[in-house]
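Fold and geometry: a report
Below, each chain spelled out in residue letters.
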Amino acid sequence: QKEVEQDPGPLSVPEGAIVSLNCTYSNSAFQYFMWYRQYSRKGPELLMYTYSSGNKEDGRFTAQVDKSSKYISLFIRDSQPSDSATYLCAMSAGGTYKYIFGTGTRLKVLA
Amino acid sequence: DTGVSQNPRHKITKRGQNVTFRCDPISEHNRLYWYRQTLGQGPEFLTYFQNEAQLEKSRLLSDRFSAERPKGSFSTLEIQRTEQGDSAMYLCASSAKGGETQYFGPGTRLLVL
């Protein structure tokens, strides 16, 4: 079993829809939770960073962490075709500094 | 541009050849990381430097792989006697002292024929 599980998709939604992306994890030591966006053949771009449990909002993006369920989510409101990319969750226990990534979910927003 | 830069962006080589990649982190970031990403997978941690010290190496980093950061600034990743299984995107990231967030470069895409 992988430490971080993420549905690879692809996920297709119409423009303007609310998108929900999720990851589950097994390591209770994880304290830092990140979401990255990766366009084809490009490096990952940091979208959201959350420490411990709770919600964080930045523009159209909201990140949620539920440590009791070992479950994190990224919501994208008013999705745009330019949001079409692969979304990677990443986690860290802190101290070790290395990130453990999910496989990524491919998202396609249809105009 | 003050982001992480990587060179070359693409490398095609024949099996058995040696290759070297370079990463220039964000200025004043003292931590530097190397990851490898294969098609349809997330990045996998390879190694991590704090300043010039290599503090952690993954089991993925076989003895054919070596990484250096001689002056605590740029880093190089060398793969000796390349194999077809080494074909992947090699990503470099950096983070500031006391910071948890890692910023990634554009990657070097390696194809071993």
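Residues numbered from 1 in each chain as written. Chains lettered and ligands numbered in written order. Predicted model: local features only at pLDDT ≥ 70, side-chain atom pairs only at ≥ 80, totals over all residues. Heavy atoms only, no water.

A few words now on the overall build of chain A. Counting its regular elements, chain A contains zero helices and 11 strands. Seen in sequence order, chain A has helices and strands lined up from the N terminus as β-β-β-β-β-β-β-β-β-β-β. Taking 13 Å as the expected radius of gyration for a compact globule of 111 residues, we find that chain A reaches 13 Å, a close match to that expectation. Seen through its C-alpha atoms, chain A measures out along the principal axes to roughly 40 × 25 × 20 Å. Out of the 111 residues belonging to chain A, those deemed buried represent 46%. Of all intrachain contacts in chain A linking residues separated by at least 6 positions in sequence, the fraction that spans at least 24 positions is 54%. Within the structure as shown, chain A displays about 5,300 Å² of accessible surface, and the carbon and sulfur contribution to it stands at 47%. (Helix = DSSP H or I, 4+ residues; strand = E, 2+ residues; numbered from the N terminus. Rg over C-alpha atoms; globule rule 2.2 N^0.38 Å. Buried < 20%, exposed > 50% of the residue type's maximum accessible area, 1.4 Å probe, protein only. Contact = heavy atoms within 4.5 Å. Areas by Shrake-Rupley, 256 points an atom, 1.4 Å probe, with all protein chains shown as cover.)

Taken residue by residue, the interface counts 21 residues in chain A and 22 residues in chain B. For chain A, the biggest contributors to the area lost against chain B are Arg41(A), Tyr97(A) and Tyr99(A); these three give 35% of the whole. One can count one salt bridge joining chain A with chain B. Linking chain A to chain B there are six residue pairs in polar contact (both at pLDDT 80 or more). Of all the elements, strand E4 (residues 32-38) of chain A adds the most residues to the side of chain A that touches chain B, at three residues. Here the residues of the side of chain A that touches chain B are counted per class, giving nine nonpolar, eight polar and four charged. (Buried area = accessible area lost by both parts, 1.4 Å probe. Salt bridge = Lys/Arg side-chain N within 4 Å of Asp/Glu carboxyl O. Polar contact = N/O pair within 3.5 Å; in protein donor to acceptor, adjacent residues only side chain to side chain. Nonpolar A, V, L, I, M, F, W, Y, C, P; charged D, E, K, R; others polar.)

On to the pairing of strand E5 (residues 44-50) of chain B, then. Residues and elements named next belong to chain B. The buried fraction of E5 is high, at five of seven residues. Two elements, strand E4 (residues 31-37) and E5, share six bridges in a ladder whose sense is antiparallel. Bridging across to E5, Arg36 finds its partner in Glu44. Following E4, the chain reverses through six residues before pairing antiparallel with E5; Gly40 in that reversal takes a positive phi of roughly 80°. Bridge count between E5 and strand E6 (residues 53-57): four bridges; the pairing is antiparallel. Note on E6: the bridge partner recorded for Phe49 is Gln54. Between E5 and E6, which follow one another and run antiparallel, lie two residues, and Asn51 among them has a positive phi close to 55°. (Pairing = 2+ DSSP bridges.)

Moving on, we get to the sheet that holds strand E6 (residues 54-58) of chain A. Residues and elements named next belong to chain A. Spatial strand order, E1-E3-E8-E7-E6: five strands in an open sheet with antiparallel pairing. Unpaired on one side and paired on the other, strand E1 (4-6) and E6 mark the two borders of the sheet. Each adjacent strand pair in this sheet contributes to an overall mean axis angle of 15°, direction not counted. Where strand E7 (residues 61-66) meets strand E8 (residues 71-76), six bridges bridge the pair, whose relative direction is antiparallel. (Axes fitted to C-alpha atoms, helices over the stretch in contact; angles between N-to-C directions.)

Let's shift gears to the pattern of salt bridges. Residues and elements named next belong to chain A. This model, assessed by the stated rule, comprises seven salt bridges over all chains. For Glu45, the salt bridge is made with Arg37, and the minimal N-O distance between the two is 3.1 Å. A residue is classified by how much of its surface remains accessible, and Arg37, at 13% relative accessible area, is buried.

Looking now at the environment of Ala93(B). All names here are of chain B. Summarising the element assignment, Ala93 is placed in strand E9 (residues 88-95). Classification of Ala93 as buried rests on a relative accessible area of 0%. Between the alpha carbons of Ala93 and Leu32 there is a distance of 5.7 Å; along the sequence they are 61 residues apart. Sequence-distant contacts of Ala93, that is, excluding residues within four places in its chain, are made with Arg31, Leu32, Tyr33, Gln102, Tyr103 and Phe104.

Quick look at a nonpolar patch on the surface now. Together, Ile12(B), Leu111(B) and Leu113(B) give the surface a local cluster of nonpolar side chains, amounting to about 300 Å² of exposed area. Along the chain, Ile12(B) turns up in strand E2 (residues 10-13). (Patch = residues over 30% accessible without salt bridge, like charges linked within 9 Å, V, L, I, M, F, W, Y side chains within 5 Å.)

Residues and elements named next belong to chain B. Reading across from one edge, E1-E3-E8-E7 is the order of the four strands in this open sheet, with antiparallel pairing throughout. This sheet does not close on itself; its edge strands, each paired only once, are strand E1 (5-7) and strand E7 (65-68). Averaged over all neighbouring strand pairs, the angle between strand axes comes to 15°, with direction disregarded. Bridge count between E7 and strand E8 (residues 75-79): four bridges; the pairing is antiparallel. Bridged to Phe65 within E8 is Ile79.

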